[in-house]
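Results of the structural survey
Spelled out, the chains give:
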Amino acid sequence: MELMRYGQSYKIQSRNEFNKVDSPDPALRVDFLNFGRGYERKSAFGVNIRWQDVESAIEKFSEMGHPKAIELRNAIDLARAAQEVGWQASNTSPSN
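Quick summary incoming for the structure in this document. Predicted, not measured: the structure shown is a model, and the values here were computed from it.

What follows is about the overall build of the chain. For the chain, the count of helices and strands is two helices and four strands. In the chain, the order of α-helices and β-strands from amino to carboxyl end is β-β-β-β-α-α. Here the chain holds 96 residues, and the buried ones make up 18% of them. By sequence separation, contacts in the chain at least 24 residues apart represent 40% of the contacts at least 6 residues apart. Entry remark: accessible area of the chain is about 7900 Å², with carbon and sulfur atoms responsible for 54%.

Under the defined criterion, the tally for this structure stands at five salt bridges. For the salt bridge of Glu-55 with Arg-80, the shortest nitrogen-to-oxygen distance reads 3.9 Å. Placement of Glu-55 in helix 1 (residues 51-63) and of Arg-80 in helix 2 (residues 67-84) is noted, with a sequence separation of 25 residues between them. Close ionic contact of Arg-80 with Asp-77 constitutes a salt bridge, the shortest N to O distance being 3.7 Å. Highlighted residues: Arg-80 and Asp-77, both in helix 2, separated by three residues, approximately one helical turn. Accessibility expressed as a relative area gives 40% for Asp-77, which makes it partly exposed.

Before going further, it helps to examine the environment of Asp-31. By the secondary structure assignment, Asp-31 is in strand 3 (residues 27-35). Of the residues examined, Asp-31 reaches a relative accessible area of 23% and is grouped as partly exposed. Sequence separation between Asp-31 and Met-4 is 27 residues; the distance between their C-alpha atoms is 9.1 Å.

Following the sequence through the fold, Ser-62 ends up in helix 1. Here Ser-62 falls in the buried class, since its relative accessible area comes to 6%. From its side chain, Ser-62 meets the backbone oxygen of Ile-58 in a polar contact 2.8 Å long. Among all residues touching Ser-62, those that are not within four sequence positions of it are Ala-69, Ile-70 and Arg-73.

With that settled, the discussion passes to helix 2. The first and last C-alpha atoms of helix 2 sit 26 Å apart over 18 residues, in line with the 26 Å expected at 1.5 Å per residue. Positive phi appears at Gly-86, one or two residues downstream of helix 2, with a value of about 105°.

What tends to happen in soluble globular proteins is that the nonpolar side chains get buried as a cluster. Among the nonpolar cores identified, the biggest contains five residues, and these are Val-30, Phe-32, Phe-45, Val-47 and Ile-49. Elements represented by at least two residues in this core include exactly strand 3 and strand 4 (43-50). In terms of residue count, the dominant contributor to this core is strand 4 (three residues).

Definitions and cut-offs
Residues numbered from 1 in each chain as written. Predicted model: local features only at pLDDT ≥ 70, side-chain atom pairs only at ≥ 80, totals over all residues. Heavy atoms only, no water. Helix = DSSP H or I, 4+ residues; strand = E, 2+ residues; numbered from the N terminus. Buried < 20%, exposed > 50% of the residue type's maximum accessible area, 1.4 Å probe, protein only. Contact = heavy atoms within 4.5 Å. Areas by Shrake-Rupley, 256 points an atom, 1.4 Å probe, with all protein chains shown as cover. Salt bridge = Lys/Arg side-chain N within 4 Å of Asp/Glu carboxyl O. Polar contact = N/O pair within 3.5 Å; in protein donor to acceptor, adjacent residues only side chain to side chain. Expected span 1.5 Å × (residues − 1). Core = buried A, V, L, I, M, F, W, Y, C linked by side-chain atoms within 4.5 Å.

Here it is, written out as structure tokens:
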């Protein structure tokens, strides 16, 4: 995960808007632009998230016992095992 600071300071703010980053290493970016009140609106930064970061997060959530993370980890393991014995998905295009 990579933090890019655009402004002078920052405060905690949550976002769920991801944007595709065009680069050789595919990533998603979450931008936190100009939040705060009045004169405090100086913070601006972004976080790039790569697939390796997602895998690490799934693993950490699984270790904590989070049921959805465990289900996802198990589904990934099952898909890998199926592919190792020759199974191929009928639809490999990205979802909408």
